[in-house]
Amino acid sequence: MSGAGGRRREPSGVTLVEMLIAISMLAIIVSVAVVPAATYYRQRAVQGAADRFLSAHTLARSAAMQHGRLAEFHLDEANGRLWIEVDTGAVGGARDTIGFVREIGDVTMSITGSISLLCFDPRGLPSTGTTTLGQNCEGPAGKVIFSLGARIDTVTVTALGKVLR
């Protein structure tokens, strides 16, 4: 076919071969990018869970000092949750969750040592006393291991309540 001016008109659009080549190249690029993205997701999820532990630990110590009472840092290994409780009443007897319950998501939390309930006294130091509900506070020494797939992050809590990563 000839267009105006006697020149031959090129067909518009793409051929099936061109489309298959483009789709093949896109599939190769996506397959190469998926593996690093999944690895990065697992690494960030594990680091994020350890970060949530560290921030909750710091909040528990500061809540004990702020309220001048025993603060309890709960670690729920089975459900992957962390939270802080302290008596916030002026006279006492008004237990409250400080901050919010932190979920660690898809990450598995494993605790070595008896640190599912850490307590801090009004000076922010670890305590092995008894809570207002009669629970025994556990010694602060132990490890918390966060894992997802092959990715692992370990947080060590020393006998003085210091956190090492």
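Residues numbered from 1 in each chain as written. Predicted model: local features only at pLDDT ≥ 70, side-chain atom pairs only at ≥ 80, totals over all residues. Heavy atoms only, no water.

Quick one: what's the story with the nonpolar core, residue by residue and with numbers?
Residues F53, F73, L75, L82, V107, V144 and F146 are the most contacted members of the largest nonpolar core, which totals 28 residues. Of all the secondary-structure elements, those providing two or more residues to this core are α1 (16–67), β1 (71–76), β2 (81–87), β4 (108–112), β5 (117–120), β7 (142–148) and β8 (151–157). If one sorts the elements of this core by residue count, α1 sits on top with 9 residues. Setting aside chain neighbours within four positions, we find L75 in contact with F53, R81, L82, I111, I115, S116, L118 and V144. (Core = buried A, V, L, I, M, F, W, Y, C linked by side-chain atoms within 4.5 Å. Buried < 20%, exposed > 50% of the residue type's maximum accessible area, 1.4 Å probe, protein only. Helix = DSSP H or I, 4+ residues; strand = E, 2+ residues; numbered from the N terminus. Contact = heavy atoms within 4.5 Å.)

Could you give an account of the state of the cysteines, with specific residues and numbers?
What the rule picks out here adds up to 1 disulfide. There is a disulfide in this structure between C119 and C137, and the S-S distance comes to 2.0 Å. In this structure, the disulfide formed by C119 and C137 twists by about -75° around the S-S bond and is classed as left-handed. With C119 in strand β5 and C137 in the loop between β6 (126–127) and β7, this residue pair connects regions lying 18 residues apart in the sequence. Note on C137: relative accessible area 6%, which makes it buried. (Disulfide = S-S within 2.5 Å.)

An account of the packing of aromatic side chains is needed here, citing residue identities and associated values.
Inspection of the entire model under this criterion finds 2 aromatic pairs. Here a set of aromatic residues connected by ring pairs shows up, and it is made of F53, F73 and F146. (Phe/Tyr/Trp six-rings, centres within 6.5 Å; stacked < 30°, edge-to-face > 60°.)

How would you explain the pairing of β8 if you had to name every residue and give the values?
Pairing analysis gives 7 bridges linking β7 to β8, with the strands arranged antiparallel. Pairing of I145 across the sheet is with T154, part of β8. Taking the residues that link successive antiparallel strands as the turn, the β7-β8 hairpin has 2 residues, and the phi of G149 there is positive, at about 65°. Direction of pairing for β8 relative to strand β9 (residues 163–164): antiparallel, over a ladder of 2 bridges. Looking across to β9, one finds that T156 is bridged to L164. (Pairing = 2+ DSSP bridges.)

Could you give an account of the sheet that holds β7, naming the residues involved and the relevant values?
Overall, antiparallel pairing links the 4 strands, which are arranged β4-β7-β8-β9 in an open sheet. Two strands in the sheet have a free side with no partner beyond their single neighbour: β4 and β9. In this fold α1 packs onto β7, β8 and β9, with an angle of close to 15° to the strand it touches most, β8. (Axes fitted to C-alpha atoms, helices over the stretch in contact; angles between N-to-C directions.)

Just give me the short version of the sheet that holds β6, but keep the residues and values in it.
Here 5 strands make up an open sheet; going across it, the order is β3-β2-β1-β5-β6 and the pairing antiparallel. Taken across any chain shown, the strands that pair with only one partner, and hence form the sheet edges, are β3 (95–103) and β6. Bridging between β1 and β5 involves 4 bridges; their strand directions are antiparallel. Paired with E72 across the strands is C119, a residue of β5.

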